[in-house]
Structures are given as structure tokens and as C-alpha cells.
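Residue-level listing of the chains:
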Amino acid sequence: KKGLNCMQIQESLRKFYFRCSALNLQVKTMDSYKRILKSFSTFLEQNGTSDIQEITSDQIRIYLTELSKKMKKISVLGQYVTIRVYLNFLIAENLLSVNPIAGIRRPKVEKKIIRAFTNQEVKLILNAFDKNNFLGFRNYVIMAFLFATGCRKSEALNLFCTDIYFELDIINVIGKGDKQRHIPISPVLRKLLLKYLKERQEYLSKANYSHSKYLFINRYGRQMTISGINCLFQKIKKEYNLTGTKISAHTWRHTFAKSFLLNNGDVFTLQKILGHADISTTK
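Rules of the game
- Residues numbered from 1 in each chain as written.
- Predicted model: local features only at pLDDT ≥ 70, side-chain atom pairs only at ≥ 80, totals over all residues.
- Heavy atoms only, no water.
- Helix = DSSP H or I, 4+ residues; strand = E, 2+ residues; numbered from the N terminus.
- Buried < 20%, exposed > 50% of the residue type's maximum accessible area, 1.4 Å probe, protein only.
- Contact = heavy atoms within 4.5 Å.
- Core = buried A, V, L, I, M, F, W, Y, C linked by side-chain atoms within 4.5 Å.
- Patch = residues over 30% accessible without salt bridge, like charges linked within 9 Å, V, L, I, M, F, W, Y side chains within 5 Å.
- Areas by Shrake-Rupley, 256 points an atom, 1.4 Å probe, with all protein chains shown as cover.
- Salt bridge = Lys/Arg side-chain N within 4 Å of Asp/Glu carboxyl O.
- Lys, Arg positive; Asp, Glu negative; His and termini not counted.
- Charge placed at Lys NZ, Arg CZ, Asp CG, Glu CD.
- Phe/Tyr/Trp six-rings, centres within 6.5 Å; stacked < 30°, edge-to-face > 60°.
- Lys NZ or Arg CZ within 6 Å of the ring centre and 35° of its normal.
- Pairing = 2+ DSSP bridges.
- Axes fitted to C-alpha atoms, helices over the stretch in contact; angles between N-to-C directions.
- Parallel < 35°, antiparallel > 145°, perpendicular 65-115°, else oblique.
- Left-handed = near helix turned anticlockwise from the far one by under 90°.
- Nonpolar A, V, L, I, M, F, W, Y, C, P; charged D, E, K, R; others polar.

Draft legend 1. Inspection of the side chain of Arg152 at higher detail. In this fold, Arg152 is placed in the loop between helix H6 (134-149) and helix H7 (153-157). A residue is classified by how much of its surface remains accessible, and Arg152, at 14% relative accessible area, is buried. Residues within four places of Arg152 in sequence aside, it is in contact with Lys176, Arg181, Arg253, Leu274, Gly275 and His276.

This is the structure in C-alpha cells:
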């Protein structure tokens, strides 16, 4: 610490957020960082610490211990990881000489077995919609698309019609960190998407809506939202009283991964399709 200039915590946070913006982090990540570090900095200041040189390991331990009384273990882990990223930044910028979190062990989180949909549940969900009207057919296509590609719901909803290359049987997906990847499409999905695009065009023309560039549209012809797709899953869960498995797009992602491996796919190809930076995440 000797020889280092004092710096107020709030000033250090502004520097950290500026660096995050320069790295073009996702808005969701930035919001999470700001929410967690606001809580942490408030705790420090309430305990008489306003300068980064005064942050101690004991303070961090007390903070995490207090959180563990009112938060789930996975949430406490998220707090720890964000604080570590922030303090590592201060070390890298030579604003701190000793990292107060260096000697604090990563909070343990119990590993849960993540269930995929059963074959019966897959059939139930795919047959839950009235395909005789456009919106019902769109819902069916969304579910089939998630099952056949393993895409995240945000990735699916941000797809443009022009992201599907039928001549190559691939879909161009922009994933986390704006990383681009190609996902192969099966002959069955190819046929389904072609039919959907035709019905989508007819729906927009009949309703006299402007022609959206997004693949999946809402009843008003605009891009379908995250809340819209979440409501769709909740409706299925309520109507069919499904229990024991989380009814979500992420469960479709696990179901895709499980099906891929059970049908002789390899984990390295699966990693590329899912867009995981680390193979351990895939495993």
C-alpha cells in the first residue's frame, strides 16, 4: 500500500465501469456488476470505509456471511465473483498492491443435476399448440427450433430472417459477447422454417403490418420479446400441470445437448454448437 495514492471507492468504480464499457460487455452483465458493487460499496461506506486502500479481507468475509443469511448460495457466489473481478481490476491497474480477496475461498455451491425434458414431455409441449392459426403455429415453431438447435432464447429472438442460410443448411447466431457461430439445421427443421416463413409473410400481409426483419414476431408483427416467450412457457406449465422439470428455454437447451450426445454426437462439436467458451461448461 505504501506509495500508492488514495482513491475513493466511487471513483474506482467509475474507472471499472469505463473499462467494462470499453470491453463492450453485455448490458445484462454491466447491470449485474453495478447492482452488486453498489451493494458492496454501500456496505463498506456504512462501516467507515471510503478509500480502496482500506478494504480488508475481513470486511469481505463479513459481507459475504451477511448475504448468506438472506441469499441462495448461487447468489452469494455471484457476489463473490463480481467483487473479485473488480478487485483484480484495481490490482491490474496498480491502484492496489495487495488484493484483499486473494485469500478468500470461492463459496461452495451444491451441484444440481439439471433435468432435461423426457420424450413424453417433448411430445406434450410440441403438441400443445393450435397450428391452424399463425400465432399457434409460431409457438410450435419456436419450441421445435429450440429443441433442434440448442439456442438460448435471447439468441433465437434476435435472429433475422436473413440469418438462415438454406443453401448451406446453417443458421448464423450471435451469442454472448457478440460471438458469432454457425448451427446446422436438420432437413426436418429446414422444411418447418420454410413453411413458417411463408405463413409469416401471409400473416404480415393480411394484417397490413410492416415487414419486420426479425424471424420470430409477436401478434403485432414486431420482434417477439423475452417476456413474451416466458409467458408462453408459463402457460404451458399451468395448462398441463408439469412438475419436476423447469419449463423454460434453458431446459430445451439441456434437452438438445442430451439428445445430441445420445445420438452419437461428440462433446467438442456440442461445445461449438452451444457457443461455450470453456469445454468444462459443456461437460
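Draft legend 2. Local environment of the nonpolar core. Membership of the largest hydrophobic core comes to 49 residues, with the highest contact counts inside it found for Met143, Phe145, Tyr196, Phe216 and Trp252. The set of elements that each furnish at least two residues to this core consists of helix H5 (119-126), H6, H7, strand E2 (170-174), helix H8 (187-206), helix H9 (226-240), helix H10 (249-262) and helix H11 (267-274). In terms of residue count, the dominant contributor to this core is H6 (ten residues). Excluding anything up to four places from it in sequence, Phe216 contacts Arg138, Val141, Ile142, Phe145, Ala156, Leu157, Tyr196, Arg222, Gln223 and Met224. If you look at the next biggest cluster of nonpolar residues, it comprises 30 residues, including Leu13, Tyr33, Leu44 and Ile52.

Draft legend 3. Geometry of a positive patch on the surface. Residues Lys72, Lys112, Lys237 and Lys246 make up a contiguous surface patch of positive charge. By the secondary structure assignment, Lys246 is in the loop between H9 and H10.

Draft legend 4. Fine view of the side chain of Asn218. Along the chain, the position of Asn218 falls in the loop between H8 and H9. By relative accessible area, Asn218 is classed as buried at 19%. If near-sequence neighbours (up to four positions away) are discounted, Asn218 is found in contact with Leu135, Arg138, Tyr203, Gln223 and Met224.

Draft legend 5. Molecular detail of the environment of Val267. If you trace the backbone, Val267 turns up in helix H11. It is 8.0 Å that separates the C-alpha atoms of Val267 and Ile279, two residues lying twelve residues apart in sequence.

Draft legend 6. Spatial organisation of the packing of aromatic side chains. Counted under the stated rule, the structure contains 17 aromatic pairs. Centre to centre, the rings of Phe134 and Tyr203 are 4.5 Å apart; their planes meet at 20°, and the pair counts as stacked. Placement of the pair is Phe134 in helix H6 and Tyr203 in helix H8, with a sequence separation of 69 residues. On the basis of an interplanar angle of 35° and a centroid distance of 6.0 Å, the ring pair of Phe256 and Phe260 is categorised as tilted. Pair noted here: Phe256 and Phe260 are both in helix H10, with a separation of four residues, about one helical turn. For Phe256, a relative accessible area of 9% corresponds to the buried category. Three or more aromatic residues joined by ring pairs make a cluster, and in this case those are Phe134, Phe137, Tyr140, Phe145, Tyr196, Tyr203, Tyr209 and Phe216. Just above the ring of Tyr140 sits the side chain of Lys131; from NZ or CZ to the centre is 3.9 Å.

Draft legend 7. A look at the sheet that holds E2. The sheet built from three strands is open, its strands ordered E1-E2-E3 with antiparallel pairing. The sheet terminates laterally at strand E1 (164-165) and strand E3 (180-184), the two strands that pair on one side only.

Draft legend 8. Expanded view of the packing of helix H2 (residues 27-46) against helix H3 (residues 57-68). Their axes nearest at 11 Å, the elements H2 and H3 cross at an angle of 120°. Of the possible angle classes, the one that applies to H2 and H3 is oblique. Crossing angle aside, the handedness with which H2 passes H3 is right-handed. Across from Ile36, Ser39, Phe40, Phe43 and Leu44 in H2, the residues of H3 making contact are Gln59, Ile60, Ile62 and Tyr63. Considered class by class, the residues forming the contact of H2 with H3 number seven nonpolar, two polar and no charged.

Draft legend 9. Region of the structure containing the pattern of salt bridges. According to the stated counting rule, one finds six salt bridges in the structure shown. A salt bridge links Lys69 to Glu66; the shortest N-O distance between them is 3.3 Å. The class for Lys69 is exposed, based on a relative accessible area of 64%. Residue classification places Glu66 among the partly exposed residues on the basis of a relative accessible area of 38%. Put simply, Arg115 and Glu121 hold a salt bridge, and the shortest N to O gap is 4.0 Å. Owing to a relative accessible area of 10%, Glu121 belongs among the buried residues under this scheme. Connected through shared salt-bridge partners, Arg152, Glu155 and Arg181 make up one network.

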